[in-house]
Amino acid sequence: MYFFQTCSQHNAEAPNLEQAFHRMAQTEPNLDHDVSWFLLPSYWAKMVVALISFLCFANSYDGDFVFDDSEAIINNKDLRAETPLGDLWHHDFWGSKLSSNTSHKSYRPLTVLTFRINYLFAGGFYPVGFHVINIILHCTISVLMVDVFSILLGGLQFTNKGRRLNLAPKTSLLAALLFAVHPVHTECVAGIVGRADLLCALFFLLSFLGYCKAFRENKEGHNFSIFWVLVSVILGAVAMLCKEQGITILGLNAVFDALVINKLNVLELIQKLLHKDKSLENAGLLRKGLLFRITLLMSGGASILYIRWRIMGTGPPAFTEVDNPASFADSLFVRAINYNYYYSLNAWLLLCPWWLCFDWSMGCIPLIKSVSDWRIIALAALWFCLIGLICQALCSEDSHKRRILTLGLGFLIIPFLPASNLFFRVGFVIAERVIYLPSIGYCILFTYGFSLLSKQAKKKKILAVAVLGILLINVMRCALRSSQWRSEEQLFRSALSVCPLNAKVHYNVGKNLADKGNQSAAIKYYREAVRLNPKYVHAMNNLGNILKERNELQEAEELLSLAVQIQPDFAAAWMNLGIVQNSLRRFEEAEQSYWTAIKHRKKYPDCYYNLGRLYADLNRHIDALNAWRNATVLKPEHSLAWNNMIILLDNTGNLAQAEAVGREALELIPNDHSLMFSLANVLGKSQKYKESEALFLKAIKANPNAASYHGNLAVLYHRWGNLDLAKKHYEVSLKLDPTAPGTKENYNLLRRKLEQLQKKGGA
């Protein structure tokens, strides 16, 4: 009994569709036959999938830039118009040169290009446009899944006019809905950096559908289109330029060709190979151009990987032990057992996506070091299920079951291989985003299991209601998880209950609190991060910074010294240590720390700025000016360095040079009111009153509540002889800051002068 079924009013092709179903039934069972589910025309099925996938993630459209978005988007110079487009092809996902030792080697130029287009159309870093594109991409992918699942579950057959038939309309709709509403996809959709996975999945699916088109004119499997095979290879290359996993579609196309197009019996083929049977051609290996097509796919894949390797440069990316502790274990046994445990956790996230976390590293999952660890049960369960499925996929007498189970396992395992640590070390323990493509295999296996249960169940409606319940729960979980991805505060706090042992979670909560000015609460979380990971140098650095600002210099120095001892090339910690040492008046040590920071980071404008401040305190004026000039060369918009140069030159009587530097600075940063103020002071001393007045007024317009701006303008008017205006601005300054140094004395002098003038006038 079906929940909903349309009447047979599709179109003139309906008789052909019925004949196709009849032909299919003659060769293998129809998966839809015993399933109690909605039967919708293809157009309506896709509309339903699109609508539901949109509802799942719609509330993320106005979220902020969160977590990795800052590095991949806000701080990525490749998004800005001044960066040549050609640089995208030589930089990694984060904007670093691929040849750099610090590069993660994540080569995704097409994804970065879409970010750049987003940035240019929005006119800046406005996250709404970025989020909307992600939501649209997921909806599009979910709609394509209807066609993909109809092929994977129902087989590939065409009418005489070359129109592909959907032989599993109900189960393909169910599988597409399962994919569309899976909560594990939230990171890819609600996190803007997940664009890489979405674009990769889009071209991954287009490559698969393109490969299927190669057999549209196929008669009994003997003819195929080389053009569409090559298009499939090109689309696979495009998928890889969006994210590395994309290359795996070429292997999956080969598996699909062997199982569906050539109906290859893998077990029979293995047996023939083992027995050196000469009738391999009858097994399907050489029939129908399979070997030629696989050669094309393999050649294309090898060429793509070679070009990718040449662009990436030599050497894999460098990761640290906290990123992926199992990969640094000395024992092969410990590495193997933990990798398999990670696989079981990924499988569990697909089965029960309730405990989701933005980051699973840094102690979130303690290493298994002994077979007595109870978590070994998870490994046993995983391999028990996998071996059972593999045996059924290979040994079942039902060719339909063999095909679906093999395809399900193929789509589950093959796209996951780049993240498996088998071929190279990856920079994470678990990443929900890398399960986006493998979830296709999970949906196939789930749907097939549902069809088997439906076949056995007497009350099919109850089973269908249960599946509807799962879909509804997943929709609500997606909406809840999307809301958590809207801001860093919600995202980071949501992880505390999932991964309380993860030092990075506590670090990020602390950083978020510190950014909001809540230093006391931030200290608590930073201390917990350091307690959980005593080598967490970034937490030490940030904690040391806060303690420095609270004038707890002794502990700040201890933390920063430990950080640079653990990681000697940590330039930011060296600079902050120099600031603390400067505050403790240990000037020689501070100077040494600053130069060590610059040694490890050649282009470090903030460090040059702080070095200049040290030299200014030591009255080494030439050295100070040189340090600040270096800061402005490296970062032309470094307002503080420009300001300090103007003020130092002003204070030492070099008014002409101070004026020249001030004008140079304002050309580069024309809207900086602090620079206007500093230059106005210099011009006033040079008796260029009119120009000085204009700059003071412009600075006051930009920042009307700065008492010093009004006070210094009053001094200008006082010198200039505009006493009424001077009196007005002295009064405004004292109203804004009654304790402003010198202003009250100047005001009193002005009042006495005005009184004297009034007396003279009266006489």
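Predicted model only: the values in this text are computed from it and were never measured.

*Asks:* Help me understand the environment of Val509, please; the structure alone is not making it clear to me.
*Replies:* Structurally, Val509 can be placed in helix α19 (residues 503-515). Given the relative accessible area of 3%, Val509 is considered buried. Residues Val509 and Ala529, 20 residues apart in the sequence, show an inter-C-alpha distance of 9.8 Å. In contact with Val509, other than residues within four places in its own chain, are Phe492, Arg493, Leu496 and Tyr525.

*Asks:* What should I look at first to understand the layout of surface pockets in this one?
*Replies:* To find leftover empty space, a probe the size of one water molecule is rolled over the atoms. Approximately 1300 Å³ is the volume attributed to the second largest pocket. Forming the walls of the second largest pocket are 43 residues, and the residues nearest its centre are Tyr343, Ser344, Ala347, Trp348 and Leu382. Within the residue set of the lining of the second largest pocket, elements represented by two or more residues are α13 (332-351), α14 (376-395), α15 (399-413) and α16 (439-456). Partitioned by chemical class, the residues of the lining of the second largest pocket number 38 nonpolar, four polar and one charged.

*Asks:* Please explain empty space enclosed by the protein as it appears in this structure.
*Replies:* What the rule picks out here adds up to three cavities of 30 Å³ or more. Considering the residues around the largest cavity, the lining is formed by Val66, Phe67, Asp68, Asp69, Glu187, Gly191, Ile192, Val193, Gly194, Arg433 and Trp485. Partitioned by chemical class, the residues of the lining of the largest cavity number five nonpolar, two polar and four charged. Of the voids in this model, the second largest cavity is the one considered here, and its volume is about 60 Å³. Around the second largest cavity sit 13 residues that line it, and Tyr342, Asn346, Phe416, Ala419 and Val429 are the ones nearest its centre.

*Asks:* I keep staring at the state of the cysteines and nothing clicks. Help me out?
*Replies:* Chemically, a disulfide is nothing more than a covalent bond linking the sulfur atoms of two cysteines. Within the structure shown, the criterion is met by one disulfide. Here Cys364 is linked by a disulfide to Cys499, with a sulfur-sulfur distance of 1.8 Å. Here the S-S torsion is close to -40°, and the disulfide linking Cys364 with Cys499 is therefore left-handed. With Cys364 in the loop between α13 and α14 and Cys499 in the loop between α18 (488-498) and α19, this residue pair connects regions lying 135 residues apart in the sequence. Side by side, Cys364 and Cys499 carry an identical accessibility label, which is buried. In this structure Cys188 is not part of a disulfide, and its nearest cysteine sulfur, from Cys200, lies 9.8 Å away.

*Asks:* Whenever I open this one, the UniProt feature "repeat: TPR" (unreviewed entry) in the chain confuses me. Can you help?
*Replies:* The sites that carry the UniProt feature "repeat: TPR" (unreviewed entry) are, in the present numbering, residues 503-536, 537-570, 605-638 and 707-740. Helix makes up 79% of residues 503-536 and strand 0%, whereas the separation of the span's terminal C-alpha atoms amounts to 8 Å. With 79% helix and 0% strand, residues 605-638 has its two end C-alpha atoms placed 8 Å apart.

*Asks:* Looking at this structure, I do not really get the pattern of salt bridges. What am I missing?
*Replies:* Pairs can form between side chains of opposite charge whenever their charged atoms are close. Taken as a whole and assessed by the stated rule, the structure comprises 27 salt bridges. Its salt-bridge partner being Arg308, residue Glu244 comes within 3.2 Å of it at the nearest N-O pair. Here Glu244 is found in the loop between α9 (226-242) and α10 (248-261), whereas its partner Arg308 is found in helix α12 (residues 290-312), with 64 residues between them in sequence. The partner of Glu591 in a salt bridge is Arg620, and the shortest N-O contact between them spans 3.6 Å. Linking Glu591 in helix α24 (residues 587-600) with Arg620 in the loop between α25 (605-617) and α26 (621-634), this pair joins segments that are 29 residues apart in sequence.

*Asks:* Explain the environment of Tyr339 here, please?
*Replies:* With respect to the helices and strands, Tyr339 occurs in helix α13. Owing to a relative accessible area of 12%, Tyr339 belongs among the buried residues under this scheme. In this structure the C-alpha to C-alpha distance between Tyr339 and Ala702, which are 363 residues apart in sequence, comes to 57 Å. Those residues in contact with Tyr339, other than ones at most four positions away along the chain, are Ala326, Ser327 and Asn421.

*Asks:* Could you clarify how one ought to interpret a nonpolar patch on the surface in this entry?
*Replies:* Taken together, Trp348, Leu351, Trp354, Trp355, Leu472, Ile473 and Met476 make up a surface patch of nonpolar side chains, about 810 Å² in accessible area. For the nonpolar patch, the elements supplying multiple residues, two or more each, are α13 and α17 (460-484). If one sorts the elements of the nonpolar patch by residue count, α17 sits on top with three residues. Relative to the elements of secondary structure, Met476 occurs in helix α17.

Calculation criteria
- Residues numbered from 1 in each chain as written.
- Predicted model: local features only at pLDDT ≥ 70, side-chain atom pairs only at ≥ 80, totals over all residues.
- Heavy atoms only, no water.
- Helix = DSSP H or I, 4+ residues; strand = E, 2+ residues; numbered from the N terminus.
- Buried < 20%, exposed > 50% of the residue type's maximum accessible area, 1.4 Å probe, protein only.
- Contact = heavy atoms within 4.5 Å.
- 1 Å grid on protein atoms, 1.4 Å probe; cavity = no way out; pocket = protein on both sides within 12 Å on 5 of 7 lines; lining within 4 Å.
- Points joined across faces, edges and corners; volume = space filled by probe spheres on them.
- Nonpolar A, V, L, I, M, F, W, Y, C, P; charged D, E, K, R; others polar.
- Disulfide = S-S within 2.5 Å.
- UniProt positions renumbered as here; feature names shortened; annotations may be inferred.
- Salt bridge = Lys/Arg side-chain N within 4 Å of Asp/Glu carboxyl O.
- Patch = residues over 30% accessible without salt bridge, like charges linked within 9 Å, V, L, I, M, F, W, Y side chains within 5 Å.
- Areas by Shrake-Rupley, 256 points an atom, 1.4 Å probe, with all protein chains shown as cover.

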